[in-house]
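Chains, contacts and geometry: an overview
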Amino acid sequence: MSPSIGLPPPSPETCLVTSRVSRFKGGTLIDDDVRDLETHLSRVCDPDGYRPGRCPRCGHGMLHVHCYPERRPRGELGLPAVVRIIQYVCAAPECGATWRILPMFLARHLWRAWKTVERVVMPAGVPGSAAAPPIPARTEQRWRARFAASARMLVVLLAASGGVALEALASRVGLDASRAKLADAHAEAARVAPGARLAALAEQVHRLERGLRLM
Ligand SMILES: [Zn+2]
């Protein structure tokens, strides 16, 4: 039995409760249609493949390809060492916001695919990756701590989302839920398959409050 049973989960690290919306001109957008490498590769080599219809900052309808930043997701078989993503820049001279588009399967900030993280923190049902390089114990520890931390801020966000299903989810898990509990409940409610559960919740959170992190 965990000694923490009966107590609310611990507060998350600052990086998990800090929104980036107002501090940055532009940022990351997550494309929830892109769930595998093959789809990503076909989209990223086409300048229009990921192009947003409008600049999320100013609403301008023209964005140009700006550059191709690289992501290096470690430790997931089936993903290359380097995954190129695409960044657009808003053509409105008074705006100039830049937007990186991330496929749904890559975790922001974690240098990993979401599936790799999910295999550690909610392994039930996630397809194994037996020959994948082991994850450092300290990394695993950090992920577990974040997953066990309070989901209060995320639950408040869902409760205020205006979506019936999300509000029901928020009231079901309650303000004292951990991120683990929220991820479980979300996967069940949205019927997300193992291997895509963290990606789905992270994308949902990011959509409601850009830059807010699940992990
Ligand atoms: Zn703009």
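Read on for an overview of the structure. (Residues numbered from 1 in each chain as written. Predicted model: local features only at pLDDT ≥ 70, side-chain atom pairs only at ≥ 80, totals over all residues. Heavy atoms only, no water.)

Here we have four strands laid out as an open sheet, ordered 1-6-5-2, and mixed in their pairing. Strands at the two margins of the open sheet, each flanked by one partner only, are strand 1 (26-31) and strand 2 (63-67). With strand direction ignored, the average angle separating the axes of adjacent strands in the sheet is 35°. Sheet analysis places strand 2 next to strand 5 (residues 86-90), joined by four bridges and oriented antiparallel. Its bridge partner lying in strand 5, Val65 is registered against Tyr88. (Pairing = 2+ DSSP bridges. Helix = DSSP H or I, 4+ residues; strand = E, 2+ residues; numbered from the N terminus. Axes fitted to C-alpha atoms, helices over the stretch in contact; angles between N-to-C directions.)

Let us now look at the coordination of the zinc ion. Taken together, Cys55 (SG), Cys58 (SG), Cys90 (SG) and Cys95 (SG) make up the full set of protein donors to the zinc ion, lying 2.3 to 2.4 Å away. Between consecutive donors of the zinc ion, the numbers of intervening residues give the motif C-x2-C-x31-C-x4-C. With a gap of 37 residues between them, Cys58 in the loop between helix 1 (37-44) and strand 2 and Cys95 in the loop between strand 5 and strand 6 (98-103) connect regions that are remote in the sequence. (Donors = N, O, S within 2.8 Å, 3.2 Å for Na, K, Ca; no water.)

Take the pattern of salt bridges next. Per the stated rule, a full pass over the model turns up ten salt bridges. Here Asp48 makes a salt bridge to Arg51, at a shortest N to O gap of 2.8 Å. Owing to a relative accessible area of 30%, Arg51 belongs among the partly exposed residues under this scheme. Of the charged contacts, one joins Arg119 and Glu76 as a salt bridge, the two residues approaching to 3.0 Å between their closest N and O atoms. With Arg119 in helix 2 (residues 114-121) and Glu76 in the loop between strand 3 (70-71) and strand 4 (83-84), this residue pair connects regions lying 43 residues apart in the sequence. By the burial criterion, Arg119 is buried, and Glu76 matches it. (Salt bridge = Lys/Arg side-chain N within 4 Å of Asp/Glu carboxyl O. Buried < 20%, exposed > 50% of the residue type's maximum accessible area, 1.4 Å probe, protein only.)

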